[in-house]
Amino acid sequence: MLNLRTCAAKLRPLTASQTVKTISQHRPAAPRTFQQIRCYSAPVAAEPFLSGTSSNYVEEMYYAWLENPKSVHKSWDIFFRNANAGAAPGTAYQSPPPLSTTLSTLSQAQFLVQAQPNVDKLVEDHLAVQSLIRAYQVRGHHIAKLDPLGISCVNFDDAPVTVSPNVDLAVFKERLRVLTVGGFYGLDESDLDKVFHLPTTTFIGGNESALPLREIIRRLEMAYCQHIGVEFMFINDLEQCQWIRQKFETPGIMQFTNEEKRTLLARLVRSTRFEEFLHRKWSSEKRFGLEGCEVLIPALKTIIDKSSEKGVDYVIMGMPHRGRLNVLANVIRKELEQIFCQFDSKLEAADEGSGDVKYHLGMYHRRINRVTDRNITLSLVANPSHLEAADPVVQGKTKAEQFYCGDTEGKKVMSILLHGDAAFAGQGIVYETFHLSDLPSYTTHGTVHVVVNNQIGFTTDPRMARSSPYPTDVARVVNAPIFHVNADDPEAVVYVCNVAAEWRSTFHKDVVVDLVCYRRNGHNEMDEPMFTQPLMYKQIRKQKPVLQKYAELLISQGVVNQPEYEEEIAKYDKICEEAHARSKDEKILHIKHWLDSPWPGFFTLDGQPRSMTCPSTGLNEEDLTHIGQVASSVPVEDFTIHGGLSRILKTRGEMVKNRTVDWALAEYMAFGSLLKEGIHIRLSGQDVERGTFSHRHHVLHDQNVDKRTCIPMNHLWPNQAPYTVCNSSLSEYGVLGFELGFAMASPNALVLWEAQFGDFHNTAQCIIDQFICPGQAKWVRQNGIVLLLPHGMEGMGPEHSSARPERFLQMCNDDPDVFPKLDDFDVRQLYDCNWIVVNCSTPANFFHVLRRQILLPFRKPLIIFTPKSLLRHPEARSSFDDMLPGTHFLRVIPDGGPAAQSPEQVKRVLFCTGKVYYDLTRERKAQQMEADVAITRVEQLSPFPFDLLQREAQKYPAAELVWCQEEHKNQGYYDYVKPRLRTTINRAKPVWYAGREPAAAPATGNKKTHLTELQRLLDTAFNLDAFKDLA
Ligand SMILES: Cc1ncc(C[n+]2csc(CCOP(=O)(O)OP(=O)(O)O)c2C)c(N)n1
Ligand SMILES: [Mg+2]
């Protein structure tokens, strides 16, 4: 099926410039720098016999000579001496003395080399062998036997090559022709028994430094062209390349003991029989079985065993639908009855919410790893159907778990991500996640990626699903090695998984295992694959299951016998049957048994909040002053800040003296006070350290010393919690997913993601729609993430104007038509909602809502539309008085002026939210209508403050009710607010609208039009006749 489109191009030797470049990247700079440049690049590079590939070899010789001049042939010794002495190009080479001692260690075919009178030919042949070795290392994976079906891998030659010491020359010649395209680099059959020095960049020699060509080829075939295809030569780090070469080239390295083989067989039995059991019991249920890739279970177990051996004690996993139940049962070891009872649709759900299908639920389990006898915790993150969306979430949770246990190098906590081939290649979030992998505030110090590459995505072939030869090419962007492996060879699979886990624990970088397999059934068990892949499925029908193949192999090797094998099967079948019987006793389905992140201590034992109250979110004067002073100072010695920043800090200091705060200071006070209480705070997003609008300045930069920074927030209190503020990569989907995952790990952290401008959250929509909004309903899992979304129309054009409040409000679960029957709106209403949406008009309220987020006895996502122009608006200031003990977040801010003093005189109440309030008060004053029009601010939009707004509406019996917003009518809050306001007043009056007309774009691109529109809406808001004709 997928033949390599450009096989010839891929197998072509590198050009001279590529070779030289690659080598110079690989080489350590010191201590060879000087000589390498002077002698190698300059005069030697101009030698007539040097070509691109030969220069590679010459460099090997050169390094060997530098270390020990006697280790190279005399001719090279003379050549390098002359070159080092400055000989002109073409003159450094001299005919050598007769060959004698340098090759004396060679054994068998030594005479052949010695008999070679022509040194040019000798050098050329060595160069050819060097190139050949490199060709195998670079492109051997193209001719490896990766596809169990034998139809679709990057394979040119379907007949398997028999690799034996008496290799068939004709077969080799054919292989080599393929591998090197241009032939055999000048070598021919007569060279096969000649002995060649091996360069230091290969390990095929084992203890030998030279081998006959025939043996060189045989060993390269064994290392690179069997059931493992290693893609790694793009990695620009010599040590890492050498490490991989050593792992795959060392002769006999892939040995398994009988015990290991038996364990592998037992794991395959479990994996295979689990699917068969489900199929027997529930043949018409979708389960997205693993058939065709049963080896995934031993693969994952191997990665976990090896990582546990290396010190890891917590593994966080993310995976799609395929084989998920099997992973839960046989890797995470979820009780089988808990899995089986999920197939019983009559079970009553014990938890509120929608629940989710069984192949999306998460899991958390702590147990002893049998192989290493160490404790290990395994967590599988719940995920939506959206493929790969869980990737950044897993990474964020992993980072958080590492952070909270002080694992700064990823030695204790790690992540494993599973992928489907089509999704891995197609979904952009994979790329975004890879690009977080090495960033200081986002790295999890290496993830092991496992691709279930069944060579199909639903009904689509790879040739229609991707433009790259492998589904894994995206991993190359971060220099992750990629191990392709034929999934019908369980030992090869286990071997690469061991290497992958070792790689991760050695280099703490990502690595990919590509399990090339097939899908025995349709996309799900109900699907007919022959409609679309007839030939592939004819082949699949003929394919022996891997368990059967491996069992036959081990029986033929005498590792197990038939009765033992059958007994292993019977044993596991019995386990399943017994669990099935027990599952019938389950009467209630507890989704909370499927939590991926329990928060012990935060809830009561039965998962309830410890109280239903929220203390005052106010703060004492002393703390406010202290935080304010630190926020306006540079708390370290000898640190030069920018002059502009000095002015900003000075202004802050003056505000503190005057007991007032602006937006930035209010945020500072909220964060600083929570840090004192031991709450970790993490603020992440694009340019958040300074703040897009240059108002925050949480990281100070020394103007004289590169990379010297200071975070005053971390200098507040002696035993404070740490504050993390980090500029993210330019990603929304990936970074928001990451922060959501971070917030999953602990309820005692305030995790905030700030969008550069609110509208950019739309590229993270999947995280909002699939996780943040319905997460608790689907997975009984709470999350207190905060989204800061700059929002507001400032005449800056359609982009950057709207954080799309209408979308968030549309997804709120409160009923517009029902006035909630609650005693306590303040807390209970929050408990019932799916998320909280606010638009604060004062810094103090912003301060309170941030603190409330943590002081609440439960966690809910919080969406805050944050201002831009209000950051510097002289009226958008709050007094310390509004933040002292006893004060709290105001869901509604009633009018406090003349209108409120004589409410029965008021003719109109304008309800609004956010910054338009300041436009309205200015206009009201200008029109001298302060006694006629009351302005009520709705600070918490959702859950809707029915109780407070009812009070407001009743206070002004004679007034018209108007919703006023600066956003267009089909946007903003109107559609959400109107029916709820109507419910509040029992539909006794109309609710009128003053605002912009409906529009497709969020704002005009023309500043003048913007101002005209604004004036028009203000005119409507204060024209008491505006709605007369409509009444
Ligand atoms: C983002 C997203 N787009 C589309 C789908 C619908 N869908 C579900 S499975 C699937 C095919 C996945 O193929 P692959 O990643 O190769 O996994 P496999 O099912 O073969 O294991 C598709 C298109 C989805 N779940 N998520
Ligand atoms: Mg697939």
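Residues numbered from 1 in each chain as written. Chains lettered and ligands numbered in written order. Predicted model: local features only at pLDDT ≥ 70, side-chain atom pairs only at ≥ 80, totals over all residues. Heavy atoms only, no water.

A separate point is the overall build of the protein chain. Looking only at helices and strands, one finds 36 helices and 28 strands in the protein chain. Buried positions account for 61% of the 1031 residues belonging to the protein chain. By sequence separation, contacts in the protein chain at least 24 residues apart represent 79% of the contacts at least 6 residues apart. (Helix = DSSP H or I, 4+ residues; strand = E, 2+ residues; numbered from the N terminus. Buried < 20%, exposed > 50% of the residue type's maximum accessible area, 1.4 Å probe, protein only. Contact = heavy atoms within 4.5 Å.)

Those donors, Asp421 (OD), Asn454 (OD1) and Ile456 (O), are the protein atoms that reach the magnesium ion (ligand 2), and they lie 2.0 Å from it. In terms of primary sequence, the donors binding the magnesium ion (ligand 2) are separated according to D-x32-N-x1-I. Highlighted residues: Asp421 in helix α16 (residues 421-426) and Asn454 in the loop between β9 (447-453) and α18 (462-465), separated in sequence by 33 residues. (Donors = N, O, S within 2.8 Å, 3.2 Å for Na, K, Ca; no water.)

Now for the packing of helix α15 (residues 390-404) against helix α26 (residues 733-745). Axis angle and axis distance: for two packed helices, these are the angle between their axes and the distance between the axes, and together they describe the pair. One way to put it is that α15 packs onto α26 with a least axis distance of 6 Å and a crossing angle of 45°. Overall, the two elements α15 and α26 adopt an arrangement that is oblique. Crossing hand, α15 versus α26: right-handed. Residues Pro392, Val393, Gln395, Gly396, Lys397, Lys399, Ala400, Glu401, Phe403 and Tyr404 of α15 lie in contact with α26, whose contacting residues are Tyr733, Gly734, Gly737, Phe738, Leu740, Gly741, Phe742, Met744 and Ala745. Residues of the contact of α15 with α26, tallied by class, amount to 11 nonpolar, five polar and three charged. (Axes fitted to C-alpha atoms, helices over the stretch in contact; angles between N-to-C directions. Parallel < 35°, antiparallel > 145°, perpendicular 65-115°, else oblique. Left-handed = near helix turned anticlockwise from the far one by under 90°. Nonpolar A, V, L, I, M, F, W, Y, C, P; charged D, E, K, R; others polar.)

Here the focus is the pairing of β9. For β9, a buried count of seven out of seven residues is recorded, marking the element as mostly surrounded by other parts of the structure. Neither face of β9 is open: one carries Thr447, His449, Val451 and Asn453, the other Val448, Val450 and Val452, and all of them are buried. The sheet contact formed by strand β8 (residues 413-420) and β9 spans six bridges and is parallel. Counted as the bridge partner of Gly420 is Val452 from β9. The pairing of β9 with strand β11 (residues 511-516) spans six bridges and is parallel. Counted as the bridge partner of Val448 is Val511 from β11. (Pairing = 2+ DSSP bridges.)

Turning next to unusual backbone geometry. Glycine aside, residues mostly have negative phi, and peptide bonds are mostly found in the trans state. The omega torsion across Ser942 and Pro943 is -5°, close enough to zero to call that bond cis. In this structure, Pro943 sits in the loop between β26 (940-942) and α34 (946-955). Its identity is not glycine, yet Arg333 carries a phi of approximately 65°, on the positive side. Looking at the secondary structure, you find Arg333 in the loop between α13 (324-330) and α14 (336-340). Overall, Arg333 belongs to the partly exposed group, its relative accessible area being 23%. Phi angles above zero are rare outside glycine, and Asp687 is one such case at about 60°. Tracing the backbone through its elements, the reader meets Asp687 in the loop between β14 (680-685) and β15 (700-701).

Moving on, we get to the site of ligand 1. Looking at ligand 1, there are 15 residues lining it, with Arg322, Ser385, Asp421, Ala422 and Ala423 nearest. Backbone polar atom of Leu387 to a nitrogen atom of ligand 1: 3.2 Å apart, as the coordinates give it. Ala423 is positioned such that a nitrogen or oxygen atom in its backbone is 2.9 Å from an oxygen atom of ligand 1. By residue number, the principal contributor to the shell around ligand 1 is α16, which donates three residues. (Near = heavy atom within 4 Å. Polar contact = N/O pair within 3.5 Å; in protein donor to acceptor, adjacent residues only side chain to side chain.)

This paragraph deals with the pattern of salt bridges. Enumeration according to the criterion identifies 53 salt bridges in this entry. Of the charged contacts, one joins Glu794 and Lys915 as a salt bridge, the two residues approaching to 3.7 Å between their closest N and O atoms. Of the two residues, Glu794 sits in the loop between β19 (786-790) and α29 (805-810) while Lys915 sits in the loop between β24 (908-912) and α33 (916-926), which places them 121 residues apart along the sequence. By the burial criterion, Glu794 is buried, and Lys915 matches it. A salt bridge links Arg996 to Glu1013, with the nearest nitrogen and oxygen atoms 2.5 Å apart. Remark: Glu1013 occurs in helix α36 (residues 1007-1022) and Arg996 occurs in strand β28 (residues 991-996); sequence separation between them is 17 residues. You'll find Arg996 and Glu1013 in the same group, each marked buried. Sharing partners across several salt bridges, the network here consists of Lys121, Asp125, Asp191 and Lys194. (Salt bridge = Lys/Arg side-chain N within 4 Å of Asp/Glu carboxyl O.)

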